[in-house]
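# Examining the three-dimensional arrangement
Next come the chains, spelled out residue by residue.
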Amino acid sequence: MKNNKIRKGHYGYRDANKKRRITYVSLFAVAIASVLIGRFFVPMEDIKNLMMITAILLVLPMANLASPMLVAWKFKTAPKDFYDAVKPYEEKFTVFYDLIITNTDLIMPIDAAVIHPTGVYLFCPNKNVDVKKGEKFINEILVGWKLDGNAKIMVEKKNYLNRLASLRDLTDEDDDGSTEYITKVILGLSM
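Heads up: these notes are all about the structure in this document. (Residues numbered from 1 in each chain as written. Predicted model: local features only at pLDDT ≥ 70, side-chain atom pairs only at ≥ 80, totals over all residues. Heavy atoms only, no water.)

## Focus on the layout of surface pockets
- Its boundaries defined by the atoms lining it, the second largest pocket holds a volume of some 150 Å³.
- Around the second largest pocket, the lining is made up of 13 residues, and of these N17, P68, A72, I100 and M191 lie nearest the centre.
- If you list the elements that add at least two residues to the lining of the second largest pocket, you get α1 (13-39), α2 (45-71) and β1 (94-102).
- Sorting elements by how many residues they give to the lining of the second largest pocket places α1 first, with 5 residues.
- Looking at side-chain class alone, the lining of the second largest pocket contains 8 nonpolar, 1 polar and 4 charged residues. (1 Å grid on protein atoms, 1.4 Å probe; cavity = no way out; pocket = protein on both sides within 12 Å on 5 of 7 lines; lining within 4 Å. Points joined across faces, edges and corners; volume = space filled by probe spheres on them. Helix = DSSP H or I, 4+ residues; strand = E, 2+ residues; numbered from the N terminus. Nonpolar A, V, L, I, M, F, W, Y, C, P; charged D, E, K, R; others polar.)

Structural data, given as structure tokens:
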């Protein structure tokens, strides 16, 4: 059986993740409503109390699923033309799509992240994001993992695509083995 689940970092993840979370939250809501309605048809007070506790306990995992969904609700998957413009770089570099990087102060939708020996190049379509604060946050995390803190966030699509076009191809000498670690860090930062 083929697994059609779109994983984090792949194009279409935001929309697929949103649909998946809506489905799970809806199932939890139906289960909670069923338990609460069923409570009125049970004559024994002890069973009614157990059903109320069950409903309360079902709210916790539902809230864990719903809270990230609500934070990321307004962020959709990047337009197909942007994906088509970045896709050719997948052959040369590690590329991730549809990330949402958060910390206590920032929520940054990252439509594309390209990992290259000269840095991590991220495109954020939200022009209102504090780029300096976002770069500082990501670079501090990278340096904390003993990696080069060379993350650059760009909010202009044309500038981002020009920067990708200017990146030189990787050679065997460029591979210091850090790409795998940077990949884990960037994916770990994303919700």
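## Details of the side chain of S190
- On the secondary structure map, S190 appears in the segment after α6 (178-189).
- For S190, the side chain forms a polar contact with the main-chain nitrogen of I100, separated by 3.1 Å.
- Those residues in contact with S190, other than ones at most four positions away along the chain, are K8, L99, I100 and I101. (Polar contact = N/O pair within 3.5 Å; in protein donor to acceptor, adjacent residues only side chain to side chain. Contact = heavy atoms within 4.5 Å.)

## Quick notes on the pattern of salt bridges
- This model, assessed by the stated rule, comprises 5 salt bridges.
- Put simply, R14 and D111 hold a salt bridge, and the shortest N to O gap is 2.9 Å. In this pair, R14 is assigned in helix α1 and D111 in strand β2 (residues 107-116), connecting sequence segments 97 residues apart.
- For K127, the salt bridge is made with E156, and the minimal N-O distance between the two is 4.0 Å. Of this pair, K127 sits in the loop between β3 (119-123) and α4 (131-144) while E156 sits in the loop between β4 (151-154) and α5 (157-166), placing them 29 residues apart in sequence.
- By relative accessible area, K127 is classed as exposed at 51%. (Salt bridge = Lys/Arg side-chain N within 4 Å of Asp/Glu carboxyl O. Buried < 20%, exposed > 50% of the residue type's maximum accessible area, 1.4 Å probe, protein only.)

## Quick look at unusual backbone geometry
- With a phi angle near 55°, D98 is a residue other than glycine that sits in the positive phi range.
- With respect to the secondary-structure elements, D98 resides in strand β1.
- For D98, a relative accessible area of 1% corresponds to the buried category.

## Re a nonpolar patch on the surface
- Taken together, the side chains of M44, I47, L50, I53, L57 and L60 define a hydrophobic patch exposed on the protein surface, amounting to about 580 Å² of accessible area.
- Considering the arrangement of structural elements, one finds I53 in helix α2.
- Taking the relative accessible area as the measure of exposure, I53 reaches 46% and is therefore partly exposed. (Patch = residues over 30% accessible without salt bridge, like charges linked within 9 Å, V, L, I, M, F, W, Y side chains within 5 Å. Areas by Shrake-Rupley, 256 points an atom, 1.4 Å probe, with all protein chains shown as cover.)

## A closer look at the pairing of β2
- Counting buried residues in β2 gives 9 out of 10 residues, a clear majority hidden from the surface.
- Relative to β2, β1 is paired through 8 bridges, and the arrangement is antiparallel. Paired with I100 across the two strands is P109, which belongs to β2.
- Where β1 hands over to β2, the hairpin turn is made up of 4 residues, counted between the paired strands.
- Both β2 and β3 contribute to a ladder of 5 bridges, which runs antiparallel. By the bridge assignment, V114 is partnered in β3 with Y121.
- The turn joining β2 and β3, which pair antiparallel and follow one another in sequence, is formed by 2 residues. (Pairing = 2+ DSSP bridges.)

Keep in mind these numbers describe shape, not what the thing actually does.
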